[in-house]
Amino acid sequence: MIWLARDFISENIFHQSFHHWRIAIAVQSPKYATPALDKGLEILELLARSSRGLTLNEMSKAMGRTVSEIFRMVFTLEQRGYIASDDNDRYSLSLKMFELSHRQQPLKSLVVTAMPLMRELAGRACQSCHLVVYHDGRTIVVSQVDSPGPFTFGPKVGTLSRLTDTASGTILLAFVDEAERTRMIAAQIRIDGELEIDAALLLRQIETVRSDTGVTWPSRRNHGVTDISRPVFAANREVLAALTVPYVERLDRLQSPSLVAVQEQVREVTLRLSELMSFSGHNTLQ
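The rules behind the values
Residues numbered from 1 in each chain as written. Predicted model: local features only at pLDDT ≥ 70, side-chain atom pairs only at ≥ 80, totals over all residues. Heavy atoms only, no water. Helix = DSSP H or I, 4+ residues; strand = E, 2+ residues; numbered from the N terminus. Buried < 20%, exposed > 50% of the residue type's maximum accessible area, 1.4 Å probe, protein only. Contact = heavy atoms within 4.5 Å. Areas by Shrake-Rupley, 256 points an atom, 1.4 Å probe, with all protein chains shown as cover. Pairing = 2+ DSSP bridges. Phe/Tyr/Trp six-rings, centres within 6.5 Å; stacked < 30°, edge-to-face > 60°. Lys NZ or Arg CZ within 6 Å of the ring centre and 35° of its normal. Salt bridge = Lys/Arg side-chain N within 4 Å of Asp/Glu carboxyl O. Core = buried A, V, L, I, M, F, W, Y, C linked by side-chain atoms within 4.5 Å. Axes fitted to C-alpha atoms, helices over the stretch in contact; angles between N-to-C directions. Arc of directions from axis to C-beta.

Q: Quick question: what am I supposed to make of the overall build of the chain here?
A: Summing up its helical and strand segments, the chain has ten helices and eight strands in all. Burial analysis of the chain (286 residues in total) assigns 44% to the buried set. If you take every contact in the chain between residues at least 6 apart in sequence, the share linking residues at least 24 apart comes to 60%. Total accessible area on the chain stands at roughly 15700 Å², and carbon and sulfur atoms take up 53% of it.

Below you can see the structure in the form of structure tokens.
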């Protein structure tokens, strides 16, 4: 893991890195073409970007293909359970790929190990919490625990977000080396185009996060919410995930822990989880 020196930040150096991010988004033509597989993956990726599902006609227009070209592939994907249609013949992704991803041993181990600690954190903090990992230019929520009581706040399991939109994403960017960070940013740019945040500002945020080993700042998505997020490490200081509490001041529970108290609880839980995930140097993060 490459750790940046505190005096490393300079806009000239960063813009050079940013130039590398742009270069990295170029995609070379595959040596061996597989048109049928490409078509199926294109359908899945298209539906993943749609919030309300798509009809066959809408898919064919978006893909620049005829309905007859995609019909059999759509039928096969539905038969195999990867997509589903509603009464209006609108197709959307099922949860099958998400379920398959959870069968991967590293992710399964992370979620299984984290859940008891997350339930403990939600109970102590009187707040919801969620666990986020990186996947192909996005962050994805892989586990979530509601706050106790009738009201809760937080993203659902399976929620995808941009890296630079969230505290969790900034955590995941901060604790990788420069080469991996370049690949992650390039993957986001491939999906969204230009970054929505000033490049120099992003680097300063990353440096602050690395220095503080965490994030506590106002949510970029919701007013009145303060995101508290810290990294979960494995062996060799490899960042596995970000554990985040979207802190909301509770008026219905006057004795609820303060923001500062919840910060400490999140720090403690991530250290314990990192230790369980074989991070032997956790004491250096305190």
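Q: I'm lost on the pairing of strand 3 (residues 129-135) in this one. Help?
A: Each regular strand shows side chains that alternate between the opposite faces of the sheet. Taking burial as the measure, the seven residues of strand 3 include five buried ones, the bulk of the element. Both strand 3 and strand 4 (residues 138-145) contribute to a ladder of seven bridges, which runs antiparallel. Pairing of Cys129 across the sheet is with Val145, part of strand 4. Count of turn residues in the strand 3/strand 4 antiparallel hairpin: two residues, of which Asp136 carries a positive phi of about 50°. Sheet topology note: the strand 3/strand 8 (residues 239-247) ladder contains three bridges and is antiparallel. Looking at strand 8, one finds that Val132 is bridged to Ala242.

Q: Could you clarify how one ought to interpret the packing of aromatic side chains in this entry?
A: Each aromatic ring pair is specified by the distance between its two centres and by the angle formed by the two planes. The final tally for this structure, using the stated rule, is one aromatic pair. Centre to centre, the rings of Phe175 and Phe233 are 5.5 Å apart; their planes meet at 90°, and the pair counts as edge-to-face. Here Phe233 lies in strand 7 (residues 226-233) and Phe175 lies in the loop between helix 7 (167-174) and helix 8 (178-192), a separation of 58 residues in the sequence. We classify Phe175 as buried; its relative accessible area is 1%. Its relative accessible area of 0% is what places Phe233 among the buried residues. The ring of Phe233 has Arg237 sitting right over it, with the charged end atom 5.3 Å from the ring centre.

Q: I'm lost on the pattern of salt bridges in this one. Help?
A: Opposite charge on two side chains permits pairing when their charged atoms draw close. In the structure shown here, the tally under the stated rule is twelve salt bridges. Glu42 is the salt-bridge partner of Arg65, the closest N and O atoms lying 3.4 Å from each other. One end of the pair, Arg65, is in the loop between helix 3 (56-63) and helix 4 (67-79); the other, Glu42, is in helix 2 (residues 35-48), with 23 residues separating them in the sequence. Given the relative accessible area of 25%, Arg65 is considered partly exposed. In this structure, the salt-bridge partner of Glu58 is Arg52, at a minimum N-O distance of 3.8 Å. Residue class for Glu58 comes out partly exposed when judged on its relative accessible area of 26%. Residue class for Arg52 comes out exposed when judged on its relative accessible area of 58%. Here the salt bridges share partners, and the residues they tie into one network are Glu120, Arg124, Glu268 and Arg272.

Q: How should I be thinking about the nonpolar core in this particular structure?
A: One broad rule of soluble globular proteins: the nonpolar side chains tend to lie buried together. Counting 27 residues, the largest nonpolar core has Leu110, Met118, Leu121, Cys129, Leu131, Leu243 and Val245 as the members making the most contacts within it. It is helix 6 (residues 105-125) that provides the largest number of residues to this core, a total of ten residues. With residues near it in sequence (within four places) discarded, Val245 still touches Leu121, Gln127, Ser128, Cys129, Thr226, Asp227, Ile228, Val262 and Val266. Counting 23 residues, the second largest nonpolar core, distinct from the first, contains Ile171, Val176, Val215 and Val239.

Q: Explanation requested: the sheet that holds strand 5 (residues 160-162) in the structure shown.
A: In sheet architecture, strand pairing relies on hydrogen bonds along the backbone and comes in two forms, parallel and antiparallel. The strand order across the open sheet formed by six strands is 5-4-3-8-7-6, and the pairing between neighbours is antiparallel. Of all the strands in the sheet, just strand 5 and strand 6 (215-218) have a single pairing partner and so form its edges. Averaged over all pairs of adjacent strands, the angle between strand axes in this sheet comes to 30°, irrespective of strand direction. As defined by bridge partners, strand 6 adjoins strand 7 across four bridges and the pair is classed as antiparallel. In the sheet register, Val215 faces strand 7, and the bridge partner there is Ser229.

Q: Explain helix 3 here, please?
A: Structural remark: α-helix, 3.6 residues per turn; residues separated by three or four positions point the same way. Within helix 3, burial applies to Leu56, Met59, Ser60 and Met63. Axial view of helix 3: buried residues confined to an arc of 100°, hence all on one face. Structural note: helix 3 exposes Lys61 and Ala62 on the side pointing more than 90 degrees away from its buried face. Turning to helix 3, the residues buried within the fold contact helix 2, helix 4 and strand 2 (91-93). Where helix 3 ends, the next residue or the one after it, Gly64, has phi of about 70°, a positive value.

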